[in-house]
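So the chains spell out like this:
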Amino acid sequence: QQKVQQSPESLSVPEGGMASFNCTSSDRNFQYFWWYRQHSGEGPKALMSIFSDGDKKEGRFTAHLNKASLHVSLHIRDSQPSDSALYFCAASSSGTYQRFGTGTKLQVVP
Amino acid sequence: GGIITQTPKFLIGQEGQKLTLKCQQNFNHDTMYWYRQDSGKGLRLIYYSITENDLQKGDLSEGYDASREKKSSFSLTVTSAQKNEMAVFLCASSIDNNSDYTFGSGTRLLVI
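Residues numbered from 1 in each chain as written. Chains lettered and ligands numbered in written order. Predicted model: local features only at pLDDT ≥ 70, side-chain atom pairs only at ≥ 80, totals over all residues. Heavy atoms only, no water.

Student: With reference to specific residues and values, describe the sheet that holds strand E7 (residues 64-70) of chain B.
Tutor: All names here are of chain B. On the basis of which strands lie adjacent, the open sheet formed by four strands has the order E1-E3-E8-E7 and antiparallel pairing. Of all strands in the sheet, those with a lone pairing partner are strand E1 (4-7) and E7, marking the two edges. Taking each pair of neighbouring strands and ignoring which way they run, the sheet shows an average axis angle of 15 degrees. Across five bridges, E7 lies against strand E8 (residues 73-78) in antiparallel orientation. Residue pairing across strands places Asp-65 opposite Thr-77, the latter belonging to E8. (Pairing = 2+ DSSP bridges. Helix = DSSP H or I, 4+ residues; strand = E, 2+ residues; numbered from the N terminus. Axes fitted to C-alpha atoms, helices over the stretch in contact; angles between N-to-C directions.)

Student: An account of the pattern of salt bridges is requested, with residue identities and associated values reported.
Tutor: Scanning the model with the defined rule gives 10 salt bridges over all chains in all. Among the ionic pairs, Arg37(A) bridges to Asp83(A), the shortest N-O distance being 2.9 Å. Taken as a pair, Arg37(A) in strand E4 (residues 32-38) and Asp83(A) in the loop between strand E8 (71-76) and strand E9 (85-92) lie far apart in primary sequence, 46 residues in all. Take Arg37(A) and Asp83(A): they sit in the same class, and that class is buried. Salt-bridge contacts for Asp59(B) lead to Arg99(A); the nearest nitrogen and oxygen are separated by 3.0 Å. Taken together, the positions of Asp59(B) in the loop between strand E6 (56-57) and E7 and Arg99(A) in strand E10 (residues 99-100) put the pair across two chains. Via salt bridges that share partners, Arg36(B), Asp38(B), Arg44(B) and Glu85(B) belong to a single interconnected network. (Salt bridge = Lys/Arg side-chain N within 4 Å of Asp/Glu carboxyl O. Buried < 20%, exposed > 50% of the residue type's maximum accessible area, 1.4 Å probe, protein only.)

Student: Give a description of the pairing of strand E11 (residues 104-109) of chain A that names residues and reports values.
Tutor: Residue and element names in this part refer to chain A. Burial along E11 is one-sided: the residues Thr-104, Leu-106 and Val-108 are buried and none of Lys-105, Gln-107 and Val-109 is. Looking at chain direction, strand E2 (residues 10-14) and E11 are connected through five bridges and run parallel. By the bridge assignment, Pro-14 is partnered in E11 with Val-109. Here three bridges tie E9 to E11, and the two strands are oriented antiparallel to one another.

Student: Tell me about the sheet that holds E8(A), and please be specific about residues and values.
Tutor: All names here are of chain A. On the basis of which strands lie adjacent, the open sheet formed by five strands has the order E1-E3-E8-E7-E6 and antiparallel pairing. The strands lining the two open edges of the sheet, one partner per strand, are strand E1 (4-7) and strand E6 (54-58). Strand-to-strand twist across the sheet, computed as the mean angle between neighbouring axes with direction ignored, equals 15 degrees. One ladder, built from five bridges, connects E6 with strand E7 (residues 61-66); its direction is antiparallel. Bridged to Lys-56 within E7 is Ala-63.

Student: With reference to specific residues and values, describe the side chain of Thr77(B).
Tutor: Its place among the elements puts Thr77(B) in strand E8. At a separation of 3.3 Å, a polar atom in the side chain of Thr77(B) contacts the side chain of Thr20(B). (Polar contact = N/O pair within 3.5 Å; in protein donor to acceptor, adjacent residues only side chain to side chain.)

Everything listed here is a matter of geometry and, on its own, says nothing about what the molecule does.
Encoded structure:
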(Lines give C-alpha, C1' and ligand atoms only; values in the text may rest on other atoms or scores of the structure.)
Protein backbone atom coordinates (compact mmCIF):
# COMPACT_ATOMS: atom_id res chain seq x y z
CA GLN A 1 0.00 0.00 0.00
CA GLN A 2 1.43 3.34 -1.08
CA LYS A 3 1.40 5.64 1.95
CA VAL A 4 2.20 8.75 -0.08
CA GLN A 5 0.19 9.50 -3.21
CA GLN A 6 1.08 12.15 -5.74
CA SER A 7 -0.86 13.79 -8.55
CA PRO A 8 -0.77 14.39 -11.40
CA GLU A 9 1.54 11.72 -12.86
CA SER A 10 2.82 14.21 -15.40
CA LEU A 11 2.46 17.89 -16.10
CA SER A 12 3.34 20.21 -18.97
CA VAL A 13 3.49 23.97 -18.47
CA PRO A 14 4.69 26.82 -20.70
CA GLU A 15 7.87 28.66 -19.79
CA GLY A 16 6.98 31.39 -17.30
CA GLY A 17 3.88 29.54 -16.15
CA MET A 18 2.90 28.06 -12.79
CA ALA A 19 3.47 24.37 -12.03
CA SER A 20 1.49 22.79 -9.20
CA PHE A 21 2.00 19.42 -7.55
CA ASN A 22 -0.16 17.60 -5.02
CA CYS A 23 0.64 15.02 -2.38
CA THR A 24 -1.64 13.20 0.05
CA SER A 25 -0.59 10.75 2.75
CA SER A 26 -2.63 7.97 4.31
CA ASP A 27 -0.71 7.82 7.60
CA ARG A 28 -1.91 10.26 10.27
CA ASN A 29 1.41 9.85 12.10
CA PHE A 30 3.25 11.71 9.34
CA GLN A 31 4.40 15.09 10.64
CA TYR A 32 7.31 16.01 8.37
CA PHE A 33 7.12 16.57 4.63
CA TRP A 34 9.67 17.23 1.89
CA TRP A 35 9.77 17.94 -1.79
CA TYR A 36 12.65 16.52 -3.82
CA ARG A 37 13.55 17.08 -7.47
CA GLN A 38 15.35 14.60 -9.70
CA HIS A 39 16.89 15.52 -13.05
CA SER A 40 17.54 12.76 -15.53
CA GLY A 41 20.60 10.68 -14.68
CA GLU A 42 20.96 12.18 -11.20
CA GLY A 43 19.80 11.37 -7.70
CA PRO A 44 16.95 13.34 -6.10
CA LYS A 45 17.86 16.66 -4.44
CA ALA A 46 15.94 18.16 -1.54
CA LEU A 47 14.03 21.28 -2.57
CA MET A 48 12.06 22.17 0.53
CA SER A 49 10.92 20.79 3.82
CA ILE A 50 7.72 21.84 5.57
CA PHE A 51 6.76 20.79 9.07
CA SER A 52 4.09 23.35 10.08
CA ASP A 53 0.65 24.10 8.68
CA GLY A 54 0.52 26.94 6.19
CA ASP A 55 2.78 28.24 3.47
CA LYS A 56 6.55 28.19 3.16
CA LYS A 57 8.16 30.22 0.38
CA GLU A 58 11.68 29.93 -0.98
CA GLY A 59 12.30 31.99 -4.08
CA ARG A 60 10.04 30.75 -6.89
CA PHE A 61 8.94 27.74 -4.83
CA THR A 62 6.02 27.71 -2.38
CA ALA A 63 4.94 24.70 -0.34
CA HIS A 64 1.65 24.46 1.51
CA LEU A 65 0.82 21.98 4.27
CA ASN A 66 -2.53 21.07 5.78
CA LYS A 67 -1.93 18.40 8.41
CA ALA A 68 -5.63 17.91 9.12
CA SER A 69 -6.22 16.73 5.56
CA LEU A 70 -2.71 15.19 5.24
CA HIS A 71 -2.20 17.26 2.09
CA VAL A 72 0.91 19.06 0.95
CA SER A 73 1.39 20.94 -2.31
CA LEU A 74 4.24 22.56 -4.19
CA HIS A 75 3.93 25.49 -6.58
CA ILE A 76 6.63 26.77 -8.89
CA ARG A 77 6.03 30.20 -10.37
CA ASP A 78 7.81 31.52 -13.46
CA SER A 79 8.72 27.95 -14.48
CA GLN A 80 11.95 27.53 -16.44
CA PRO A 81 13.05 24.74 -18.81
CA SER A 82 15.66 23.81 -16.20
CA ASP A 83 12.76 22.99 -13.83
CA SER A 84 11.86 20.03 -16.08
CA ALA A 85 12.41 17.03 -13.83
CA LEU A 86 10.72 14.39 -11.67
CA TYR A 87 9.29 15.78 -8.42
CA PHE A 88 8.84 13.61 -5.35
CA CYS A 89 6.95 14.20 -2.17
CA ALA A 90 8.29 12.46 0.96
CA ALA A 91 6.81 12.13 4.45
CA SER A 92 7.87 10.75 7.78
CA SER A 93 6.80 10.51 11.38
CA SER A 94 9.15 11.20 14.27
CA GLY A 95 12.19 8.94 14.16
CA THR A 96 11.19 6.99 11.05
CA TYR A 97 12.60 7.04 7.56
CA GLN A 98 11.09 9.11 4.77
CA ARG A 99 8.53 7.43 2.53
CA PHE A 100 8.39 8.69 -1.03
CA GLY A 101 5.53 9.07 -3.48
CA THR A 102 5.62 7.83 -7.07
CA GLY A 103 6.57 11.22 -8.47
CA THR A 104 5.24 13.80 -10.93
CA LYS A 105 7.09 14.40 -14.17
CA LEU A 106 7.23 18.08 -15.09
CA GLN A 107 7.99 19.35 -18.58
CA VAL A 108 8.42 23.08 -19.08
CA VAL A 109 7.92 23.97 -22.72
CA PRO A 110 9.90 26.95 -24.09
CA GLY B 1 31.03 20.63 0.41
CA GLY B 2 30.65 16.92 0.72
CA ILE B 3 29.96 14.22 -1.78
CA ILE B 4 28.22 10.86 -1.86
CA THR B 5 29.65 8.38 -4.35
CA GLN B 6 28.06 5.19 -5.63
CA THR B 7 29.95 2.46 -7.46
CA PRO B 8 29.56 1.07 -10.00
CA LYS B 9 27.37 3.45 -12.04
CA PHE B 10 26.15 0.58 -14.23
CA LEU B 11 25.94 -3.08 -13.33
CA ILE B 12 24.94 -5.95 -15.60
CA GLY B 13 24.52 -9.26 -13.87
CA GLN B 14 23.30 -12.74 -14.65
CA GLU B 15 20.29 -14.47 -13.15
CA GLY B 16 21.11 -15.97 -9.75
CA GLN B 17 24.29 -13.96 -9.37
CA LYS B 18 25.22 -12.24 -6.12
CA LEU B 19 25.89 -8.56 -6.77
CA THR B 20 27.31 -5.88 -4.48
CA LEU B 21 26.76 -2.15 -4.72
CA LYS B 22 28.87 0.34 -2.75
CA CYS B 23 28.28 3.81 -1.35
CA GLN B 24 30.66 6.29 0.32
CA GLN B 25 29.89 9.69 1.88
CA ASN B 26 32.15 12.32 3.41
CA PHE B 27 29.46 14.47 5.07
CA ASN B 28 30.08 12.68 8.37
CA HIS B 29 26.36 11.84 8.36
CA ASP B 30 25.21 9.27 10.90
CA THR B 31 22.37 7.75 8.86
CA MET B 32 22.62 6.07 5.47
CA TYR B 33 19.95 4.53 3.25
CA TRP B 34 19.47 2.29 0.24
CA TYR B 35 16.40 2.96 -1.92
CA ARG B 36 15.26 1.18 -5.06
CA GLN B 37 13.69 3.26 -7.84
CA ASP B 38 11.42 1.57 -10.37
CA SER B 39 9.59 3.45 -13.06
CA GLY B 40 6.10 4.38 -11.86
CA LYS B 41 6.71 3.15 -8.31
CA GLY B 42 8.78 5.90 -6.81
CA LEU B 43 11.49 5.17 -4.25
CA ARG B 44 11.16 2.25 -1.86
CA LEU B 45 13.46 1.77 1.11
CA ILE B 46 15.49 -1.45 1.22
CA TYR B 47 17.72 -0.92 4.29
CA TYR B 48 18.97 1.91 6.40
CA SER B 49 21.58 2.31 9.13
CA ILE B 50 21.71 4.90 11.92
CA THR B 51 25.32 4.23 12.87
CA GLU B 52 28.28 1.96 12.14
CA ASN B 53 27.33 -1.75 12.32
CA ASP B 54 23.61 -0.92 12.65
CA LEU B 55 21.04 -2.26 10.15
CA GLN B 56 17.30 -1.57 9.92
CA LYS B 57 14.98 -3.22 7.40
CA GLY B 58 12.87 -1.12 5.10
CA ASP B 59 9.78 -1.99 3.08
CA LEU B 60 11.68 -4.01 0.45
CA SER B 61 14.45 -5.88 2.29
CA GLU B 62 13.66 -9.41 1.06
CA GLY B 63 16.30 -10.55 -1.42
CA TYR B 64 18.89 -8.07 -0.16
CA ASP B 65 21.62 -7.83 2.49
CA ALA B 66 23.41 -4.71 3.63
CA SER B 67 26.52 -3.86 5.59
CA ARG B 68 27.63 -0.65 7.34
CA GLU B 69 31.33 -1.35 7.73
CA LYS B 70 32.19 2.14 8.89
CA LYS B 71 30.42 5.46 9.29
CA SER B 72 31.31 6.64 5.79
CA SER B 73 30.35 3.53 3.84
CA PHE B 74 27.24 1.43 3.29
CA SER B 75 27.08 -1.51 0.89
CA LEU B 76 24.10 -3.39 -0.53
CA THR B 77 24.11 -6.99 -1.80
CA VAL B 78 21.53 -8.44 -4.15
CA THR B 79 21.61 -12.03 -2.92
CA SER B 80 20.25 -13.67 -6.10
CA ALA B 81 19.60 -11.41 -9.06
CA GLN B 82 16.28 -11.95 -10.85
CA LYS B 83 16.18 -12.14 -14.64
CA ASN B 84 14.69 -9.10 -16.40
CA GLU B 85 15.19 -7.05 -13.26
CA MET B 86 15.96 -3.46 -14.10
CA ALA B 87 16.08 -0.72 -11.51
CA VAL B 88 18.11 2.15 -10.16
CA PHE B 89 19.54 1.76 -6.66
CA LEU B 90 19.99 5.03 -4.81
CA CYS B 91 22.13 5.55 -1.74
CA ALA B 92 21.46 8.51 0.54
CA SER B 93 22.76 9.93 3.77
CA SER B 94 21.45 12.39 6.35
CA ILE B 95 22.11 13.70 9.85
CA ASP B 96 18.96 11.88 10.99
CA ASN B 97 15.61 10.65 9.59
CA ASN B 98 13.99 14.09 9.90
CA SER B 99 16.66 15.99 7.95
CA ASP B 100 17.10 16.44 4.21
CA TYR B 101 18.51 13.35 2.52
CA THR B 102 21.49 13.73 0.17
CA PHE B 103 21.42 11.18 -2.62
CA GLY B 104 24.10 9.71 -4.82
CA SER B 105 23.58 9.52 -8.56
CA GLY B 106 22.61 5.86 -8.47
CA THR B 107 23.65 2.43 -9.71
CA ARG B 108 21.66 1.21 -12.70
CA LEU B 109 21.15 -2.56 -12.60
CA LEU B 110 20.21 -4.84 -15.46
CA VAL B 111 19.91 -8.58 -15.02
CA ILE B 112 20.09 -10.76 -18.14
